[in-house]
Structure formats: C-alpha cells, structure tokens
Amino acid sequence: LEELTGKKFDEKKFEETCKIANRTAAAWLKACSYMAYKPSPLSGFDLFNHMADIVAARCEIDAAEGFELLADEYEQSVREGTSTWEYPEEHRILFEGIPCWPSLRALFNPLQENGVNVTAVVYAPAFGFQYTDVRSMAAAYCKAPCSVCIEDGVEWRETMAKENGISGALVNYNRSCKPWSGAMPEIERRWKEDLDIPVVHFDGDQADPRNFSEEQYKTRVQGLVEIMEERKQKRIAAGEDVYTNFDNTKETDWSRTTID
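Residues numbered from 1 in each chain as written. Predicted model: local features only at pLDDT ≥ 70, side-chain atom pairs only at ≥ 80, totals over all residues. Heavy atoms only, no water.

**Q** Hey, could you go over the layout of surface pockets for me, with residue numbers and the actual values?
**A** There is about 370 Å³ of room inside the second largest pocket. Considering the residues around the second largest pocket, the lining is formed by 14 residues, among which Lys-8, Phe-9, Asp-10, Lys-13 and Phe-14 are closest to the centre. The set of elements that each furnish at least two residues to the lining of the second largest pocket consists of helix 1 (2–5) and helix 2 (11–33). Here the lining of the second largest pocket takes four residues from helix 2, the largest share from any one element. When its residues are assigned to classes, the lining of the second largest pocket shows seven nonpolar, two polar and five charged. (1 Å grid on protein atoms, 1.4 Å probe; cavity = no way out; pocket = protein on both sides within 12 Å on 5 of 7 lines; lining within 4 Å. Points joined across faces, edges and corners; volume = space filled by probe spheres on them. Helix = DSSP H or I, 4+ residues; strand = E, 2+ residues; numbered from the N terminus. Nonpolar A, V, L, I, M, F, W, Y, C, P; charged D, E, K, R; others polar.)

**Q** Mind laying out the pattern of salt bridges, listing which residues take part and the relevant values?
**A** On inspection of all chains with the given rule, the structure shows 16 salt bridges. Between Glu-90 and Lys-232 there is a salt bridge, with its nearest N and O atoms 3.1 Å apart. With a gap of 142 residues between them, Glu-90 in the loop between helix 4 (61–80) and strand 1 (91–96) and Lys-232 in helix 10 (residues 214–237) connect regions that are remote in the sequence. Among the residues examined, Glu-90 registers a relative accessible area of 36% and is labelled partly exposed. Two residues, Glu-96 and Arg-157, come together in a salt bridge whose shortest N-O distance is 2.7 Å. Within this pair, whereas Glu-96 is found in strand 1, its partner Arg-157 is found in helix 7 (residues 150–164), the two being separated by 61 residues in sequence. As far as burial versus exposure is concerned, Glu-96 and Arg-157 are alike and both buried. (Salt bridge = Lys/Arg side-chain N within 4 Å of Asp/Glu carboxyl O. Buried < 20%, exposed > 50% of the residue type's maximum accessible area, 1.4 Å probe, protein only.)

**Q** Tell me about the packing of helix 2 against helix 3 (residues 44–56), residues and numbers included.
**A** With their axes 11 Å apart at the nearest point, helix 2 and helix 3 run at an angle of 175 degrees to one another. Considering their axes alone, helix 2 and helix 3 lie roughly antiparallel with respect to each other. Across the interface between the two elements, Thr-24, Ala-25, Trp-28 and Cys-32 from helix 2 touch Leu-47, His-50, Met-51 and Ile-54 from helix 3. Here the contact of helix 2 with helix 3 is built from residues that sort into six nonpolar, two polar and no charged. (Axes fitted to C-alpha atoms, helices over the stretch in contact; angles between N-to-C directions. Parallel < 35°, antiparallel > 145°, perpendicular 65-115°, else oblique. Contact = heavy atoms within 4.5 Å.)

**Q** I'd like a description of helix 2, backed by residues and values.
**A** With 23 residues, helix 2 should cover 33 Å at 1.5 Å per step; its first-to-last C-alpha distance of 33 Å lies within 8% of that length. Where helix 2 begins, the capping side chain belongs to Asp-10, and its oxygen is found 3.1 Å from the backbone nitrogen of Lys-12. (Expected span 1.5 Å × (residues − 1). Polar contact = N/O pair within 3.5 Å; in protein donor to acceptor, adjacent residues only side chain to side chain.)

**Q** Account for the sheet that holds strand 3 (residues 168–174), with residues named and values stated.
**A** An order of 2-1-3-4 is seen for the four strands of this open sheet, with the pairing classed as parallel. Each end of this open sheet is capped by a strand with a single partner; those strands are strand 2 (116–121) and strand 4 (199–204). Adjacent strand axes in the sheet meet at a mean angle of 30 degrees when their direction is disregarded. When strand 3 meets strand 4, the two strands line up parallel, connected through six bridges. Across the sheet, Asn-174 pairs through a bridge with Gly-204, a residue of strand 4. Lying over the sheet, helix 5 (residues 104–113) contacts strand 1, strand 2, strand 3 and strand 4, oriented at roughly 125 degrees with respect to strand 2. (Pairing = 2+ DSSP bridges.)

Following this line, the structure appears as structure tokens:
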C-alpha cells in the first residue's frame, strides 16, 4: 500500500478507522434486520436508497450515527405499528441481486400495485463487513455473496428467507455482474426444492438501462403474484401460515460475523 500510494501506513489511524467501520456495519445490519417483523416497518427498497453510505462512507462517524438513528426509527415503528411501506402487505418476497439503479421506480411500482413488499434482500446486508486488521479485512471481503461457494450462498439466503417470512423470490439476472448472476439458475433450483416457493427472474442491469425491459419485468411480477396468491388461498383454506417457515417469535441475530 505504501508503494502504491506514496504514503506511510499509519497503524493507529487504521485501527481507529476500523472501529468506526465496524460501528457503521453493526448499525446497518441491525437496521436491515427489521425486515423480519410482520408487518415489516420498512421495504427493502428503503435499504437500496440508504446503501450509498454503507458502500462509500462506512468509515465516517456520520454514517455510523445515521444508521443508528435509522435502526432506532425502525424500532419505534415496530412499537407503534407503523411502516414506510404504506400499502397492504399481501405478499412478502426476497429480492435477489443488485437493483437496476436507473430503474428503481420501475422496479418498485408493480410490486406496490400488487401489495408485494420486499422483506428480504441479499445485496444490502452483504455490506455488513466487520474486521479488526488488514488480514481480517481481506478475509471479510472474501465472504461477499458472489465470492463464496454455492453451498454457503444458498444457506445464507435460505436462512434469511425463513427468518423474514417470504412466500416468493424475484431474481435480477444482472448483465453487469456475471460473478453474481452466474450461479443463480442453480440457486433458484435449490430454493424451489428447499423452501417450496415460486421463483421468477428478469433480465436487468445495475447500470445500463438498455438491458432492462419494464414490460418483461411487469409480466414476471404478475406471474409471481398469481402463483403466490393461489398458494396463499390454499394455505388459508388449510389453516396454515401463509408464509414459508416463518418464525417471528425469536429475535433476529443482526450482529453477523464475517470471520469465523
């Protein structure tokens, strides 16, 4: 690093920066965890809107304090029974992949119109990296969702799906992130078998709007809604919980540790 930057490495400053980064990450993961409540005090799209700070400003004290305030707001919403999701929560789904940033509104509208709240997202908590030194920092970044083996990736996602009570999944085949999207056909197959949920995917791009078709997306969302609604009515008729393996009686463990 010294050779690349022409600056002497300051170990003390690095340790202090790690403390702030860890505080930011802990607050961010805690904020993300509130999606597990039913009804959820937020939508996963709220996290997409907040993500810039955990990505680019994790070492700033303002980011740590901001996410602590955000977690406090969600806690208050749970107590008061309020939510930023101001629509009927007919269905809860997992959104897989990096959002199409130029088309967030186009992604959100069809879900909102059908009462589909995103209560599990993979991309947002993926930035909850925590570390104490250079070696553990490198190891932490090697645990990103697109860096681990399929088995670990499936386990992490399925645990989140169960804790957050989802009844379907929506997958972005992101053309600008091949490492992330390449394993998705196999991960989708595992979800269908292990969780018994409908999964649909659409073609998208985190940066290039030409690779995202709004009409295709609407069609896929509508298909997902129809399957979830049919299954929901069957579960209601059978007196079963409408959500997949949903246990909202335990406290969610938001203090995710990336280093064993």
